[in-house]
Amino acid sequence: MHFWKRLASAVLAMALLAGCEAIEQQAPGALQVRAARIVAASAGPRLELDLDCRLNGPMMDALEHGIPITLRVDLRAQSDSAVLHDQRRIELRYFPLTRRYQLRDHREGDVQSFPASAYLIDALASLKLSLPQAFAQLPAGSALSLDVALDKTALPGALRLPALIEPAWRLAAPEFTWTVAAG
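Remember, predicted model here, so these are calculated numbers, not experimental data. (Residues numbered from 1 in each chain as written. Predicted model: local features only at pLDDT ≥ 70, side-chain atom pairs only at ≥ 80, totals over all residues. Heavy atoms only, no water.)

### Section: the packing of aromatic side chains
Part 1 of the reasoning: Scanning the model with the defined rule gives 2 aromatic pairs in all.
Part 2 of the reasoning: Considering the side-chain rings of Tyr94 and Tyr101, the 4.3 Å spacing of their centres and the 35° angle between planes classify their relative orientation as tilted. The burial state of Tyr94 is the same as that of Tyr101; both residues are buried.
Part 3 of the reasoning: Consider the rings of Phe176 and Trp178, whose centres lie 5.6 Å apart with planes at 50°: the pair is tilted. When sorted by exposure, Phe176 lands in the same class as Trp178, which is buried. (Phe/Tyr/Trp six-rings, centres within 6.5 Å; stacked < 30°, edge-to-face > 60°. Buried < 20%, exposed > 50% of the residue type's maximum accessible area, 1.4 Å probe, protein only.)

### Concerning the pattern of salt bridges
Part 1 of the reasoning: In the structure shown here, the tally under the stated rule is 13 salt bridges.
Part 2 of the reasoning: Between Asp50 and Arg34 there is a salt bridge, and its shortest N-O distance comes to 3.9 Å. One end of the pair, Asp50, is in strand β2 (residues 46-54); the other, Arg34, is in strand β1 (residues 30-39), with 16 residues separating them in the sequence. (Salt bridge = Lys/Arg side-chain N within 4 Å of Asp/Glu carboxyl O. Helix = DSSP H or I, 4+ residues; strand = E, 2+ residues; numbered from the N terminus.)

### So, the sheet that holds strand β4 (residues 83-95)
Part 1 of the reasoning: Strand order in the open sheet formed by 6 strands is β6-β5-β4-β3-β8-β9, and the pairing between neighbours is antiparallel. A strand with exactly one partner marks an edge of an open sheet, and here the two such strands are β6 (111-114) and β9 (176-179). Averaged over all pairs of adjacent strands, the angle between their axes in this sheet comes to 15°, without regard to strand direction.
Part 2 of the reasoning: Together, β3 (69-78), β4 and β5 (100-105) form the strand contacts of helix α2 (residues 57-64), whose direction differs from that of β4 by roughly 70°. (Pairing = 2+ DSSP bridges. Axes fitted to C-alpha atoms, helices over the stretch in contact; angles between N-to-C directions. Contact = heavy atoms within 4.5 Å.)

### Comments concerning the sheet that holds β1
Part 1 of the reasoning: Pairing is antiparallel in the open sheet, where 3 strands are placed in the order β1-β2-β7. The two strands at the open ends of the sheet, each matched to only one other strand, are β1 and β7 (127-130). Averaged over all adjacent pairs, the angle separating strand axes in this sheet is 25°, with direction ignored.
Part 2 of the reasoning: As paired strands, β1 and β2 are joined by 9 bridges and run antiparallel to one another. By the bridge assignment for β2, Gln32 is matched with Asp52.

### What about the environment of Leu63?
Part 1 of the reasoning: Here Leu63 is to be found in helix α2.
Part 2 of the reasoning: In this structure, the C-alpha to C-alpha distance between Leu63 and Ser117, residues 54 residues apart in sequence, is 9.2 Å.
Part 3 of the reasoning: Ignoring any residue separated from it by four or fewer positions in sequence, one finds Leu63 in contact with Leu55, Ile69, Leu92, Arg93, Tyr94, Tyr101 and Leu120.

### So, the environment of Leu155
Part 1 of the reasoning: If you trace the backbone, Leu155 turns up in the loop between β8 (143-150) and α4 (157-165).
Part 2 of the reasoning: Taking the C-alpha atoms as reference, Leu155 lies 7.1 Å from Ile69; in sequence the two are 86 residues apart.
Part 3 of the reasoning: Apart from residues lying up to four places away in sequence, Leu155 is in contact with Ile67, Pro68, Ile69, Arg160, Ala163 and Trp169.

### Observations concerning the confidence of the model for the protein
Part 1 of the reasoning: Looking at the protein, the pLDDT average stands at 86 and 85% of residues meet or exceed 70.
Part 2 of the reasoning: At the level of individual helices and strands, the protein shows its lowest average pLDDT in helix α1 (residues 2-25), which scores 54, and its highest in β5, which scores 96. (pLDDT = per-residue confidence, 0-100.)

Structural data, given as structure tokens:
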């Protein structure tokens, strides 16, 4: 009888540990905009972003298996005279054959390549995205807001349903707002 109690206790302990690991795998990733600003550059206005991105287990597994993770960057500006909108898709990708990670801006076609995933994630802390010329004309006091989130529609078909349902696929930064400073 003692044997069966021990066996039942061991099975229960293993089930609890497996359940804890399953719950941990469902924890969403973390994404936060630490800073954002519009900078005048010789080629036109540019959005400089500092993103803190931590991909969780399922997202890193997908990336490591060659499935791109795409972030949607949505910038809106509102002043007394205009409402502007710019949307970008930034793709994080791994190529197993060459063992290279890439960061790609869909609109510009700019590609940066990295030897490790840590460098790829670190590159998100210094993103520079060109903007339409109209953003250079924003008057002081204009309100800007920025949303950054996982673009679930860019995932392969087999991952879209799990991305809609499972908490592990939730990756969105809280809205970041600021105003254009004078001068």
